[in-house]
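Here's the letter readout for the chains.
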Amino acid sequence: MWTGKYVRSPFARSLFMNMVSESETAGLETQEWYRCGLDLLGDNVKPLFVQSHLDSDTQTFLKRSVEKSGWVFTQLYHSFISTILSPIVSRTSINGFLSRGSMFVFSADQFRRLMRIDPEWRSGRLLDLGAGDGGVTEVMGAHFREVYATEVSPPMKWHLQRKKYILIGIDEWQHTEFQYDLISCLNLLDRCEDPLELLKAMRSSLVPGTGRLILAAVLPFQPYVEIGGKWQRPKQHLRVKGKTWEEQVTNLSNEVFREAGFEVEAVTRLPYLCEGDMYKDYYVLDDAVFVLKPSVE
């Protein structure tokens, strides 16, 4: 479940904000967010692990989230609108309408280290599946000449269009006359009806030889889909074995991805961060972020 560090009065939090230093923010149990027990990883996965750390971009996101959660009247308004709309509108659309709940998966530097590219590296086409408000798309998009995005939420589509990304239908991206140099599937695998079919469709949509998939998955893996504001189990149940983060990473690498025709090129552990509300400064889940390449047939 989502967890947040601070749980205190919004008024007290707002008054306290100016006293919080960057060094204190950086010390909020963040070491655990990136910790990996290498001895618990499979032998073939261990050398592929990339150690990540709390960096300045992540600190900036956390600091901004703490600040925004202290905007008392804004948070009260958001809470009221959410209560009214939640029975009939998805949480994603509510967040898009209110311009809140931005996500943070990785910084520009973390993305480049995982992809093993330098700041000047450029390529052709990026496809970001389930791009949300485009915040994470922007991190990757700086390296591509064309940026495509899919999204089902109308308010989120508006955010993506405003950022000049090319919107493509959720049933169209795999049927174009061109392929993609990078496809990103960030925290979507556990929120779709047919995860294995999605993996196979992404594989066939990559540029042969050089195309890559960057995939983030919240662990422990707990798949649900949101339909009409309610959560339910997907049609296709993707079972990921293991109890620990390391065991599930190993199982995904050795079984799930191989079955879909991929092999792991790199993997790291990162916090999946979300802006907070009047109750918590921010929310965080454990992410495993993989760089995958199609297996040679």
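What counts and how
- Residues numbered from 1 in each chain as written.
- Predicted model: local features only at pLDDT ≥ 70, side-chain atom pairs only at ≥ 80, totals over all residues.
- Heavy atoms only, no water.
- Helix = DSSP H or I, 4+ residues; strand = E, 2+ residues; numbered from the N terminus.
- Buried < 20%, exposed > 50% of the residue type's maximum accessible area, 1.4 Å probe, protein only.
- Contact = heavy atoms within 4.5 Å.
- Areas by Shrake-Rupley, 256 points an atom, 1.4 Å probe, with all protein chains shown as cover.
- Pairing = 2+ DSSP bridges.
- Axes fitted to C-alpha atoms, helices over the stretch in contact; angles between N-to-C directions.
- Arc of directions from axis to C-beta.
- Expected span 1.5 Å × (residues − 1).
- Bend = angle between axes of the 7 residues up to and from the residue.
- Core = buried A, V, L, I, M, F, W, Y, C linked by side-chain atoms within 4.5 Å.
- Phe/Tyr/Trp six-rings, centres within 6.5 Å; stacked < 30°, edge-to-face > 60°.
- Polar contact = N/O pair within 3.5 Å; in protein donor to acceptor, adjacent residues only side chain to side chain.
- pLDDT = per-residue confidence, 0-100.
- Salt bridge = Lys/Arg side-chain N within 4 Å of Asp/Glu carboxyl O.

Engineer: What am I meant to see in the overall build of the protein here?
Structural biologist: Assigned secondary structure in the protein consists of 11 helices and 10 strands. Classification of the 297 residues of the protein by burial places 51% in the buried group. Considering only intrachain contacts with a sequence separation of at least 6, the fraction spanning at least 24 residues in the protein is 70%. Element-wise, carbon and sulfur atoms account for 53% of the exposed surface of the protein, whose accessible area totals about 15,000 Å².

Engineer: Explanation requested: the sheet that holds strand β10 (residues 282–294) in the structure shown.
Structural biologist: Working definition: the strands of a sheet are paired by backbone hydrogen bonds and lie parallel or antiparallel to each other. The strand order β1-β9-β10-β6-β5-β2-β3-β4 describes an open sheet built from eight strands, whose pairing is mixed. The open sheet is flanked by β1 (103–104) and β4 (166–167), the only strands paired with a single partner. Both β1 and strand β9 (residues 262–275) contribute to a ladder of two bridges, which runs antiparallel. Paired with Phe 104 across the bridge in β9 is Leu 273. Along the sheet, helix α10 (residues 195–204) makes contact with β2 (123–129), β5 (182–186), β6 (212–218), β9 and β10, crossing β6 at roughly 160°. Along the sheet face, helix α11 (residues 245–259) touches β6, β9 and β10 and points at about 35° away from the line of β10.

Engineer: What should I look at first to understand helix α9 (residues 154–162) in this one?
Structural biologist: Three or four residues apart is the spacing at which side chains of an α-helix point the same way, because the helix has 3.6 residues per turn. Residues of α9 that are buried: Met 156, His 159 and Leu 160. For α9, the angular spread of the buried residues around the axis is 95°, confining them to a single face. Turned more than 90 degrees away from the buried face of α9, the exposed residues are Pro 154 and Trp 158. At the exit of α9 stands Lys 164, carrying a positive phi of roughly 70°.

Engineer: What exactly am I supposed to notice about α11 here?
Structural biologist: The end-to-end C-alpha distance of α11 is 20 Å, a good match for the 21 Å that 15 residues give at a rise of 1.5 Å each. In α11, a bend of some 40° at Leu 252 exceeds every other bend along the element. Here α11 has its buried residues at Trp 245, Glu 246, Gln 248, Val 249, Thr 250, Asn 251, Leu 252, Ser 253, Val 256 and Phe 257. Along its buried surface, α11 packs onto α10, β6, β9 and β10. Looking one or two residues past α11, Gly 261 carries a phi angle of roughly 90°, positive in sign.

Engineer: Quick question: what am I supposed to make of the nonpolar core here?
Structural biologist: Buried together is how nonpolar side chains tend to be arranged in soluble globular proteins. Counting 39 residues, the largest nonpolar core has Leu 199, Met 202, Leu 213, Leu 215, Phe 257 and Phe 290 as its most contacted members. The set of elements that each furnish at least two residues to this core consists of β2, β5, α10, β6, α11, β9 and β10. If we skip the residues at most four places from it in the chain, Phe 257 touches Leu 199, Leu 215, Leu 252, Phe 262, Val 264, Phe 290 and Leu 292. Membership of the second largest hydrophobic core comes to 36 residues, among which are Val 50, Leu 62, Ile 214 and Ala 216.

Engineer: Help me understand the packing of aromatic side chains in this model?
Structural biologist: Any pair of aromatic rings gets described here by the distance separating the centres and the angle formed by the planes. Counted under the stated rule, the structure contains nine aromatic pairs. Relative to Trp 245, the ring of Phe 49 lies with its centre 6.3 Å away and its plane at 85°, an arrangement referred to as edge-to-face. Note that Phe 49 is positioned in the loop between α3 (31–34) and α4 (56–69) and Trp 245 in helix α11, a separation of 196 residues in sequence. Given the relative accessible area of 7%, Trp 245 is considered buried. Their ring planes at 25° and their centres at 5.5 Å tell us that Phe 106 and Phe 111 sit as a pair that is stacked. Across the pair, Phe 111 and Phe 106 agree in class, each one buried. Among the aromatic residues, those joined into a ring-pair cluster are Tyr 148, Phe 178 and Tyr 180.

Engineer: Quick question: what am I supposed to make of the side chain of Arg 269 here?
Structural biologist: By the element assignment, Arg 269 lies in strand β9. In terms of polar contacts, Arg 269 uses its side chain to reach the backbone carbonyl oxygen of Arg 35, at 2.7 Å.

Engineer: In this structure, what is going on with the confidence of the model for the protein? I would like to understand it.
Structural biologist: Do not read the fine detail of predicted coordinates wherever pLDDT is low. Residues at a pLDDT of 70 or more form 76% of the protein, whose mean pLDDT is 83. Summarising per-element confidence for the protein, the mean pLDDT is lowest in helix α1 (residues 10–16) (41) and highest in β6 (98). Note that residues 1–23 has pLDDT below 50 and, in this model, 46 contacts with residues that lie over four places away or in other chains.

Engineer: Quick question: what am I supposed to make of the pattern of salt bridges here?
Structural biologist: Pairing between side chains of opposite charge can happen when their charged atoms approach one another. This model, assessed by the stated rule, comprises nine salt bridges. Notably, a salt bridge pairs Lys 46 with Asp 43, separated by 3.9 Å at the nearest N-O pair. Residue classification places Asp 43 among the exposed positions, given a relative accessible area of 66%. Put simply, Arg 269 and Asp 286 hold a salt bridge, and the shortest N to O gap is 3.1 Å. Within this pair, whereas Arg 269 is found in strand β9, its partner Asp 286 is found in strand β10, the two being separated by 17 residues in sequence. Residue classification places Arg 269 among the buried positions, given a relative accessible area of 11%. Asp 286 sits in the partly exposed class, given a relative accessible area of 27%. Here the residues in one salt-bridge network are Arg 212, Glu 263, Glu 265 and Lys 293, joined through shared partners.

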